[in-house]
Amino acid sequence: MSAAAAEPATLLDFARVGDAAAATTKKLAKYAILADYFRRLADDHDLRLAVRYAAGRAFAATDERVLAVGGAIVSDVILRLLGADPQAYYDTVVASGEIGEALSRLWPAGGATRADAEGRRANGGEANGGEANGLVDDRGGKSSRDGSGGGGGGGRAERSRDRAPLTLRDLSRAFDDLASIGNVQRKGEILTELFSRCTDGREAAYLAKIIFGDMRTGVQEGVLHYAIAEAFARDGKAVQRAQLLVGDLGEVAVLARRDALESAAFEPFHPIQFMLATAQETAADAAGTMDGRTFFAEDKLDGIRAQVHKQGDRVVIYTRTMDRTDASFPDVVERVRELPGDFLLDGEIVPYRDGRVLPFAHVQKRLGRKVLTPRIIGDNPAAFIAFDILYRDGRLLMDAPLRQRRRELCELAAPPPPPPPPPQDAAAPPANAVAVEVASGIAQPTAADNAVPPAPPAAPPAAPPAAPPAAPPAPAAPSTDPLDPLDPPLLITKVTEVSTAEEIDRAFCTARDCRNEGLVLKDPQSLYSPGRRGRAWLKLKTHLPTFDCVVTFAETGHGKRRHSLSDYTFAVWDREPGEDGAQLVNVGKAYSGVTDAEIAQLTELFTGTTVQQWGRVRQVVPKIVLEIACDQVQRSARHASGFAFRFPRIKRIRWDKRPQDADRLARVIEVYESPANFGRRQEPPDPPPPPPPPPEPTLFDGI
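Residues numbered from 1 in each chain as written. Predicted model: local features only at pLDDT ≥ 70, side-chain atom pairs only at ≥ 80, totals over all residues. Heavy atoms only, no water.

(A) A look at helix 10 (residues 184-196). A rise of 1.5 Å per residue sets the reference length of helix 10, with its 13 residues, at 18 Å; its end C-alpha atoms lie 18 Å apart and thus fit the reference within 8%. Sitting at the amino-terminal end of helix 10 is Asn-183, which places a side-chain oxygen 3.0 Å from the backbone nitrogen of Gln-185. (Helix = DSSP H or I, 4+ residues; strand = E, 2+ residues; numbered from the N terminus. Expected span 1.5 Å × (residues − 1). Polar contact = N/O pair within 3.5 Å; in protein donor to acceptor, adjacent residues only side chain to side chain.)

(B) Quick peek at the nonpolar core. Judged by nonpolar contacts, the single largest core of 91 residues is most densely connected at Phe-14, Phe-38, Phe-175 and Phe-195. If you look at the next biggest cluster of nonpolar residues, it comprises 30 residues, including Leu-544, Cys-549, Phe-570 and Tyr-672. (Core = buried A, V, L, I, M, F, W, Y, C linked by side-chain atoms within 4.5 Å. Buried < 20%, exposed > 50% of the residue type's maximum accessible area, 1.4 Å probe, protein only.)

(C) A look at unusual backbone geometry. Located in the positive-phi region is Asp-354, a residue other than glycine, with phi close to 55 degrees. Along the chain, Asp-354 falls in the loop between strand 5 (343-353) and strand 6 (356-357). Unlike most non-glycine residues, Asp-393 shows phi in positive territory, near 50 degrees. Considering the arrangement of structural elements, one finds Asp-393 in the loop between strand 7 (382-392) and strand 8 (395-396). On the basis of relative accessibility, which here comes to 45%, the residue Asp-393 falls in the partly exposed class.

(D) A look at the packing of aromatic side chains. Evaluation of the coordinates by the stated rule reveals 14 aromatic pairs. Where Tyr-37 meets Phe-38, the ring centres are 6.0 Å apart and the plane angle is 45 degrees; that geometry is what we call tilted. Neither Tyr-37 nor Phe-38 differs from the other in exposure class; each is buried. Consider the rings of Tyr-53 and Phe-175, whose centres lie 5.9 Å apart with planes at 80 degrees: the pair is edge-to-face. One end of the pair, Tyr-53, is in helix 3 (residues 44-54); the other, Phe-175, is in helix 9 (residues 168-180), and 122 residues separate them in sequence. When sorted by exposure, Tyr-53 lands in the same class as Phe-175, which is buried. Taken together, the ring pairs connect Phe-14, Tyr-37, Phe-38, Tyr-53, Phe-175 and Tyr-206 into an aromatic cluster. Here the guanidinium or amino end of Arg-314 rests over the ring plane of Phe-269, the centre of that ring lying 4.0 Å away. The ring of Phe-360 has Arg-646 lying over it, and the distance from NZ or CZ to the ring centre is 3.9 Å. (Phe/Tyr/Trp six-rings, centres within 6.5 Å; stacked < 30°, edge-to-face > 60°. Lys NZ or Arg CZ within 6 Å of the ring centre and 35° of its normal.)

(E) Looking closely at helix 19 (residues 402-413). For helix 19, with twelve residues, the first-to-last C-alpha span of 16 Å sits near the 16 Å given by 1.5 Å per residue. Among the residues making up helix 19, those that are buried are Leu-402, Arg-405, Arg-406, Glu-408, Leu-409, Cys-410, Leu-412 and Ala-413.

Written out as structure tokens, the structure is:
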């Protein structure tokens, strides 16, 4: 091993590799670039950090710490270091689409040190080396992904050669410090030290990218899987499997280097990607995809997709964004803690009261709060409803077919056995109750149903004739609720088997009658495929009628759309447009459903009709009408209309309609109040009035 190979990995080298990967759209080329870099890292810790940072993570996926560093703190540090004009800095960030690329354009050659900033302040803002305001962009000097930084500043460049290069280990130590303290001033000092050691604009850019988890290099987790496999001549699927078990892709890279992927073992408390369902437009479409096979059908619940990990008394809940949410649902955590054993469940957190799933608006009241009062919990009760089990008591079940996983889930959800009955006289007939299992949500006879009854006892002595037996009680009406009406330790979905469009349609109607979103169809032979959306799971749901809305604001997008106006806020008329005081009131914002060509056309149009601009957002002349589809209409204090569309999508641009042709608020209210809009919030019933106080005693009592 050469001396050069043993040197610590530097941030500048990491940035150059990231730029090379970002410069190609070909995945095989990305694999090769990253694989070569990973092979060159002689130290295991450097390899862990390089893989972690390439994924846009400051910490391992199994590490719950966060930097708690926002754009305001970083921008404040940068403005002090560069002595830059705040408006010029902000304009550059907007034009670049992110802080990282903006820093690359603004960074001086040789870096920006605290001494430089102090010198600028002493000189009334004149930069060392002659740059006005310390602000150099690509209009006044070289700075882009070529790594050359800004122009000028020969003295500064000379000083930069005396500074030790910023390494990945330096970042790791600084990130540990940032996560351990809450003081904003101290965080600013740590960030100042980091950025002041960046001698190149690309270093500063990638430092910001890692801090914000916004790499924009096209290097996703799947790319890293195969780059690690290529780097150490391992099988790509073996790398994926190890990452699923271990959780930390950096650690998987070390195992791959050591040829120890087979030693990976599952440990809970790291989130796993959720298996996804493919949308189907109609029951006939779903039946066609199923191709004659029998699928499980279960209600599609409208809640928060959640993954529950339990080991001993510890319970952690992760969402689809891989974030923890157990702090928002302490009642759910306590209920799960009562269940026996260790497990990993997939399911949905829903607002739930009296055996009914409530509209999603109830559960929203729980989210984002620092303090959950008993009143908030009581007014917005929640429950976790499981539909899959992936791990149980040391056994990984993801490779088992769904039918087997379902049996395991029913066993976990089964209520504990009743206490033994009191001793009975041997001559007395046994109780003739029928035992049933309710765990699956469908009553299933147990062995007790098929047991051979004992021989009848000897006839008793003659007795007076008894009264005729009472008529048996009428059987209870079958429940249409998706959950078992009893209160088992764990709520789980009901499943029915379907294979034809007619059966799918009946199950779908039942789900909608229960005010649920729709239906999920699952192949009982399917394995659990994290992060995959295939034909093993299908989803079917209907939407509300579409609305014609007028665009009032346009916003710059992100990623490849960072130079386009691709996000549109839309509105309806609060009354007839010809009436006095008529105005447009916003009801939502959408960015999906239009093509790149349409976005380019709208960008040109909105740029020319901008009324006012605030950074990324432009108020535009209301003239473009969009047809908007959504899943629900909810009440909202965010918009002047008092309503908001949930999951809005652009169906098409209505070039044929004038702004006056857009819908009225009265139609939004009509759809909101319709039976099809199951998203209406249900307020808890008012408490009964207190009883009147007893009359006060008087001198005339008893007369």
